[in-house]
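Below, each chain spelled out in residue letters.
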Amino acid sequence: MTDLVIIGGGPAGMSAAVAAYEAGIRDILILERDSALGGILQQCIHNGFGLHRFGEELTGPEYAWKYEKKVRELEIPFKLDTMVLDITPDKVITATNSEDGIFQIQAKAIILAMGCRERAKGALNIAGSRPAGIYSAGTAQKYVNMKGYMPGKNVVILGSGDIGLIMARRMTLEGAKVHAVCELMPYSGGLARNIEQCLNDFDIPLKLSHTVVKIHGKERVSGVTIAQVDAGRKPIAGTEEFIPCDTLLLSVGLIPENELSKSAEVELSPITSGAVVDQDRQTSVPGIFACGNVLHVHDLVDFVSQEAEIAGASAAAYIRGEQGEAVSIPLETDGIIRYTVPQILTAKKDVTVYFRVADVYKNVKIKVLDGGREVLTKKRQKVAPGEMESITLKQEQLEGVKRLRLELEVL
Amino acid sequence: MYDVAIIGAGVVGGMIARKLSAYQLKICILEKEHDVAMGATKANSAIVHAGFDAKEGSLKAKLNVQGSVMMEQVAKELGVKYKNNGSLVIGFDDADRQTLAELYTRGKSNGVKDLQLLGAEEVHKLEPALSSKVVCALYAPTGAIICPYELTVAAIGNAMDNGAELKCDFEVTDIQKTDEGYQLVSGKETVSARYVINCAGLYTDRIASMIGDDSFSVHPRRGEYLLMDRECGTLVSHTVFRTPSKMGKGILVSPTVDGNLLLGPTSVDMEDKEDKETTAEGFAHIIREANENVDGIPMGKTITSFCGLRAVGSTGDFIITAPETGFIHVAGIESPGLSASPAISEYVADMLKEQGLSLKENPDYNPNRKSAYAFREASLEEKNRMIKENPAYGRVVCRCETVTEGEILDAIRTNPKAKDLDGVKRRTRAQMGRCQGGFCGPYITELLAKEMGIPYEGVTKFGGESMINVGVTKEGK
Ligand SMILES: Cc1cc2nc3c(=O)[nH]c(=O)nc-3n(C[C@H](O)[C@H](O)[C@H](O)COP(=O)(O)OP(=O)(O)OC[C@H]3O[C@@H](n4cnc5c(N)ncnc54)[C@H](O)[C@@H]3O)c2cc1C
Ligand SMILES: Cc1cc2nc3c(=O)[nH]c(=O)nc-3n(C[C@H](O)[C@H](O)[C@H](O)COP(=O)(O)OP(=O)(O)OC[C@H]3O[C@@H](n4cnc5c(N)ncnc54)[C@H](O)[C@@H]3O)c2cc1C
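On a predicted model such as this, the values are computed, not experimentally measured, just so you know. (Residues numbered from 1 in each chain as written. Chains lettered and ligands numbered in written order. Predicted model: local features only at pLDDT ≥ 70, side-chain atom pairs only at ≥ 80, totals over all residues. Heavy atoms only, no water.)

## So, the overall build of chain A
No. 1: The number of helices and strands found in chain A is 8 helices and 29 strands.
No. 2: The globule rule puts the C-alpha radius of gyration for 411 residues at 22 Å, and the 22 Å found for chain A is close to it.
No. 3: The principal-axis extent of the C-alpha atoms belonging to chain A is close to 65 × 60 × 40 Å.
No. 4: When the 411 residues of chain A are sorted by exposure, 59% land in the buried category.
No. 5: Put simply, 61% of the contacts in chain A that link residues at least 6 apart link residues at least 24 apart.
No. 6: Here chain A displays about 16,000 Å² of accessible surface, and carbon together with sulfur accounts for 49% of that area.
No. 7: Each charge class in chain A was averaged separately, 46 positive and 52 negative side chains, and the resulting centres sit 4 Å apart. (Helix = DSSP H or I, 4+ residues; strand = E, 2+ residues; numbered from the N terminus. Rg over C-alpha atoms; globule rule 2.2 N^0.38 Å. Buried < 20%, exposed > 50% of the residue type's maximum accessible area, 1.4 Å probe, protein only. Contact = heavy atoms within 4.5 Å. Areas by Shrake-Rupley, 256 points an atom, 1.4 Å probe, with all protein chains shown as cover. Lys, Arg positive; Asp, Glu negative; His and termini not counted. Charge placed at Lys NZ, Arg CZ, Asp CG, Glu CD.)

Encoded structure:
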């Protein structure tokens, strides 16, 4: 029996481990399938991490090292090259590595911190051939940053997610020519600062409302046909343009990696594809917590750490058997606000609710409603799907509240 | 000098090679691609048809029914997955009902066992996810599914273990007749053989013309597919066909032996034998008809799409003929060629015998091959024993399909050896899951480079110019 097992040793898993340790738990084990701690940050060698948390711009590995150092100093045990294969609802974990073979651990509490994966080409159904030269942006990032190889020289990028934007700059710096970044939507899903620093600074055109309609080439990509799309995201005939290139990078979204959560029978949200959690980041299965990209996709690692600390501290309280008075206040949204995390409140205490919107809106009011009553409102000049928003509710404001609803009003 | 040269390493050439490797013969398989199973064999519906489709009395009908009966045993010997899941041909109205009755009669006279005509209630009970518009069905309990490239890799691997040779990147471009037999030319290389079996799929007509035989032609007919995440693999348990009409057989919905859900194929006559492009129209067609057949297919869970070309022969039937002693065509092997392949191999062996080739049993012949899934399917204790012996079985490389380094190394080291990323994919399923190699591609590239002793950037997706990397970074230099 192990008090706390953490699945995944990325920033979320490490922050959660440290927080649980600081809350008094000693019997902790981190399981990580990679051969190093750090998660996706290991391959993010660009600057831009930790601005909120540490007030300085760190690279991904530098940010990760801050936490890895703590994990090592506190001597929190971790196993690398260890893949978790299964979790049962009663918290039996099955994992494998080459030293221990396939083994099982019974945990008192589990924190899910498995991160996310990139959406692959299949989900897009792009017509044409299937030659070499089509990669997800993260895979290309791995080839370039971790292995030192160039997956291509003439590049078109589909999707303007942050990884795609960052790879546009990276490939350019490595001497490749990035011909265009095509984005299906009329706005980019990436951070504004990345569009500025990764595209505009290098004169890489961002083609909004454009998609790739066909891939050409027998053995290696020889070009792509792109086209403009209408409001229904359907290609407009006559707007096709052929761009010769040897590489197509896809940055078309990240999906939380929740296969294990499913085996543990954790309830998942169809919108975030992550677990449904309360303010403690506890899932529908008592004693199983989730944080980081496995819960919902974050753009900034600072918020990952913050969320993981909540999960770590709450797991510690759970292990010690501390349970408050139970309430159940569901948090609903109007659809314009796509989702919130948490989705439910089970205790009346101060809580920051994170959310994303479905489209770009200017001059808006965010309203937290209890029936017809406005509990709290907040004005924002601009909100966009690419940037996570938050609103903080005080304990007093939750007095007498039965259910909450978040709405967005355009002023 | 080989006794037999087989042109084409598809399922047909592969099964013939395996059959002949049971005899004391020197055999060589010649394949123009970088790997085996690169033609129609890698992109089809993967159904072992029961045999009610083909016209009574045709070679297709006879070999289909025989092959389908033989397949389970062949799969067992070769250690490949096979599932007797049964087929349903669904009908939406009275006209369909009539056609199904005809198919039933045809199936019976072809010798298909246990066929049944079902009413609405029975068919919905058997397959609850069917659209409520389905009113009747033909049920063929002997229908089955198999993985065609797994079968072919295993058949050729088994043939090689029994002494056959495989030459890839060998495109036969010319054939010369000699006193002893034939010389098969590919660029500067020549292979001599006493007997030649032409299993070149779409190019069997071109091979035929190299010996001056223009008696048949073969044209491509495109079939496109969508493959869905394993999450959807249990939506239906049977293979669900539509009632065939003048428009063709329509889009089927079927589980695969690996637990995915397969939708397709379209059917479009083509001219270009190399055009395996998928099309937006094709996708739209598949989605529309699949949704008519079965409720609740989550189209967002598509993980890949692909296209195969049927080799449609000019006679309407399989063309298995000998234009002259020493040469056999196995042409026009469109569907149900996969199902028929075990029977085709016996048929061809008999033809060779008739032509005077002596078939003496190979005393060392072993019909069995270790399954590529030996580790995956082992018990927990067995797995742990294997990991202790070879720690590479403890390292998971492909996270989506849980494929270990040990299994990937096996694929790179076992006949017929995987030499590129797609080769590893077809043998182990690594890169076949929902992330399609996003995570493990770079690592498998490394394993291939190391095992084959080639530079990292020399690794390809499927041979030729299909490079994964085109250079090194500034730091890499
Ligand atoms: C390519 C990319 C670029 C980014 N750029 C920026 C940026 O510029 N600035 C910024 O602030 N943020 C950026 N982010 C966001 C931020 O870095 C990530 O959101 C953060 O790393 C997520 O942390 P995590 O721990 O949740 O997930 P991850 O870092 O993905 O860690 C999850 C870990 O879990 C392990 N794991 C998963 N499944 C298992 C299993 N079954 N068994 C064992 N281990 C398992 C994985 O191997 C991995 O190490 C970027 C994200 C990505 C993907
Ligand atoms: C869309 C579609 C769906 C199908 N569905 C089914 C089904 O569900 N059930 C079923 O039973 N059957 C099905 N079939 C049929 C089945 O796939 C084929 O009958 C079978 O794969 C044919 O195998 P083959 O070895 O003859 O051809 P191929 O697999 O095409 O092999 C021919 C090989 O010859 C090689 N070659 C060609 N020219 C040369 C040359 N000059 N020199 C050297 N090598 C050469 C090619 O590269 C290729 O590898 C389907 C086919 C298609 C296309």
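This is not the end of the story, as more comes after the structure.
## Concerning the pattern of salt bridges
No. 1: All chains considered together, the criterion is met by 56 salt bridges over all chains.
No. 2: The closest approach of N and O atoms between glutamate 259 of chain A and arginine 117 of chain A, which form a salt bridge, is 3.4 Å. Of this pair, glutamate 259 of chain A sits in helix H7 (residues 259–263) while arginine 117 of chain A sits in strand S9 (residues 116–118), and the two are 142 residues apart along the sequence.
No. 3: Under the relative-accessibility criterion, glutamate 259 of chain A is labelled partly exposed at 27%.
No. 4: Of the residues examined, arginine 117 of chain A reaches a relative accessible area of 6% and is grouped as buried.
No. 5: One salt bridge in this structure joins arginine 106 of chain B and glutamate 56 of chain B, with 3.5 Å as the shortest N-O distance. Of this pair, arginine 106 of chain B sits in helix H3 (residues 94–110) while glutamate 56 of chain B sits in the loop between strand S3 (47–48) and helix H2 (59–78), and the two are 50 residues apart along the sequence.
No. 6: Residue classification places glutamate 56 of chain B among the partly exposed residues on the basis of a relative accessible area of 42%. (Salt bridge = Lys/Arg side-chain N within 4 Å of Asp/Glu carboxyl O.)

## Re the site of ligand 1
All names here are of chain A.
No. 1: The environment of ligand 1 is made up of 34 residues, and the closest members are Ala12, Glu32, Ile40, His46 and Asn293.
No. 2: Between an oxygen atom of ligand 1 and a main-chain N or O atom of alanine 12, the distance comes to 2.8 Å.
No. 3: Protein chains bury 96% of the 1,000 Å² of accessible surface belonging to ligand 1 in isolation.
No. 4: The set of elements that each furnish at least two residues to the shell around ligand 1 consists of helix H1 (11–22), strand S3 (47–49), strand S6 (83–87), helix H5 (162–173) and helix H8 (301–319).
No. 5: When its residues are assigned to classes, the shell around ligand 1 shows 18 nonpolar, 12 polar and 4 charged. (Near = heavy atom within 4 Å. Polar contact = N/O pair within 3.5 Å; in protein donor to acceptor, adjacent residues only side chain to side chain. Nonpolar A, V, L, I, M, F, W, Y, C, P; charged D, E, K, R; others polar.)

## Overview of the site of ligand 2
All names here are of chain B.
No. 1: Near ligand 2 lie 40 residues; those nearest to it are Glu31, Thr41, Ile47, Ile333 and Ser339.
No. 2: Between a nitrogen atom of ligand 2 and a main-chain N or O atom of lysine 32, the distance comes to 3.2 Å.
No. 3: A total of 1,000 Å² of accessible area belongs to ligand 2 in isolation, and the protein chains cover 96% of it.
No. 4: When contributions to the shell around ligand 2 are tallied by element, the ones reaching two or more residues are helix H1 (11–20), strand S13 (218–228), strand S18 (302–313) and helix H8 (337–354).
No. 5: Of the residues in the shell around ligand 2, the class split is 21 nonpolar, 13 polar and 6 charged.
No. 6: Each of two domains, domain 1 (1–81 + 144–216 + 314–369) and domain 2 (87–141 + 219–311), supplies a minimum of three residues to the shell around ligand 2. (Domains from an automatic or database assignment.)

## Points about the environment of threonine 99 of chain B
All names here are of chain B.
No. 1: As for its placement among the helices and strands, threonine 99 is situated in helix H3.
No. 2: Sequence spacing of threonine 99 and serine 245 is 146 residues, and the spatial spacing of their C-alpha atoms is 8.4 Å.
No. 3: If near-sequence neighbours (up to four positions away) are discounted, threonine 99 is found in contact with Thr243 and Pro244.
No. 4: There is a polar contact of 3.0 Å between the side chain of threonine 99 and the backbone oxygen of alanine 95.

## Examining the domain arrangement of chain A
Residue and element names in this part refer to chain A.
No. 1: Here the domain parsing of chain A yields domain 1 (1–118 + 254–323), domain 2 (120–252) and domain 3 (326–411).
No. 2: Using only C-alpha atoms to locate each centre, domain 2 and domain 3 end up separated by 35 Å.
No. 3: Counting the surface domain 2 buries against domain 3, the share from its top three residues, Tyr187, Gly189 and Leu191, is 81%.
No. 4: Inspection of the region where domain 2 meets domain 3 yields 0 salt bridges.
No. 5: Connecting domain 2 to domain 3 are 2 residue pairs in polar contact (both at pLDDT 80 or more).
No. 6: Residues of the side of domain 2 that touches domain 3, tallied by class, amount to 3 nonpolar, 2 polar and no charged. (Buried area = accessible area lost by both parts, 1.4 Å probe.)

## Quick look at the interface of chain B and chain A
No. 1: In this complex, chain B contributes 51 residues to the contact, which on the side of chain A involves 47 residues.
No. 2: Here chain B meets chain A over a buried area of about 4,100 Å², counting both sides, of which 54% is carbon and sulfur.
No. 3: Interface area lost by chain B to chain A is led by Arg399, Val470 and Thr473 of chain B, which between them contribute 15%.
No. 4: Of the charged contacts, one joins glutamate 231 of chain B and lysine 262 of chain A as a salt bridge, the two residues approaching to 2.8 Å between their closest N and O atoms.
No. 5: Counting across the interface, chain B meets chain A through 20 residue pairs in polar contact (both at pLDDT 80 or more).
No. 6: Of all the secondary-structure elements, those providing two or more residues to the side of chain B that touches chain A are helix H7 (280–293), S18, helix H9 (380–389), helix H12 (441–452) and strand S23 (471–472) of chain B.
No. 7: Sorting elements by how many residues they give to the side of chain B that touches chain A places S18 of chain B first, with 6 residues.
No. 8: Split by residue class, the side of chain B that touches chain A holds 19 nonpolar, 19 polar and 13 charged.

## Description of the packing of helix H10 (residues 405–413) of chain B against helix H11 (residues 421–428) of chain B
Residue and element names in this part refer to chain B.
No. 1: Where H10 meets H11, the closest approach of the two axes is 9 Å, and the angle between their N-to-C directions is 115°. Relative to H11, H10 is oriented roughly perpendicular. Crossing handedness for the pair H10 and H11: right-handed. Contact residues: Glu407, Ile408, Ala411 and Ile412 in H10; Val424, Arg427 and Thr428 in H11.
No. 2: Classifying every residue of the contact of H10 with H11 by side-chain character gives 4 nonpolar, 1 polar and 2 charged. (Axes fitted to C-alpha atoms, helices over the stretch in contact; angles between N-to-C directions. Parallel < 35°, antiparallel > 145°, perpendicular 65-115°, else oblique. Left-handed = near helix turned anticlockwise from the far one by under 90°.)

## Thoughts on the packing of H2 of chain B against H8 of chain B
Residue and element names in this part refer to chain B.
No. 1: In contact at an axis separation of 6 Å, H2 and H8 are set at 95° when each is read in the N-to-C sense. Accordingly, the angle class assigned to the pair H2 and H8 is roughly perpendicular. Mapping the contact onto sequence places Leu59, Lys62, Leu63, Asn64, Gln66, Gly67, Ser68, Met70, Met71 and Val74 in H2 and Leu338, Ser339, Ala340, Ser341, Pro342, Ala343, Ile344, Glu346 and Tyr347 in H8.
No. 2: Grouping the amino acids of the contact of H2 with H8 by side-chain chemistry returns 11 nonpolar, 6 polar and 2 charged.

## Some points on the environment of phenylalanine 289 of chain A
Residues and elements named next belong to chain A.
No. 1: Turning to its location among the elements, phenylalanine 289 is positioned in strand S21 (residues 288–290).
No. 2: On the basis of relative accessible area, phenylalanine 289 is assigned to the buried category, the value being 1%.
No. 3: Taking the C-alpha atoms as reference points, phenylalanine 289 and aspartate 278, separated by 11 residues in sequence, lie 9.3 Å from one another.

## Looking at H8 of chain B
Residue and element names in this part refer to chain B.
No. 1: Largest kink in H8: about 40°, centred on alanine 343.
No. 2: Burial of H8 is extensive: 13 of the 18 residues sit out of reach of the surface.
No. 3: Of the residues one or two after H8, glycine 356 is the one with positive phi, at around 105°. (Bend = angle between axes of the 7 residues up to and from the residue.)

## Observations regarding empty space enclosed by the protein
All names here are of chain B.
No. 1: Taken as a whole and assessed by the stated rule, the structure comprises 2 cavities of 30 Å³ or more.
No. 2: Every residue along the wall of the largest cavity is listed here: Phe52, Asp53, Val89, Phe241, Arg242, Pro244 and Lys249.
No. 3: The residue inventory of the lining of the largest cavity, partitioned by class, reads 4 nonpolar, no polar and 3 charged.
No. 4: The volume enclosed by the second largest cavity comes to roughly 40 Å³.
No. 5: Its residues assigned to classes, the lining of the second largest cavity comprises 2 nonpolar, 2 polar and 4 charged.
No. 6: Taken together, domain 2 (87–141 + 219–311) and domain 3 (380–458) each give at least three residues to the lining of the second largest cavity, which thus spans both. (1 Å grid on protein atoms, 1.4 Å probe; cavity = no way out; pocket = protein on both sides within 12 Å on 5 of 7 lines; lining within 4 Å. Points joined across faces, edges and corners; volume = space filled by probe spheres on them.)

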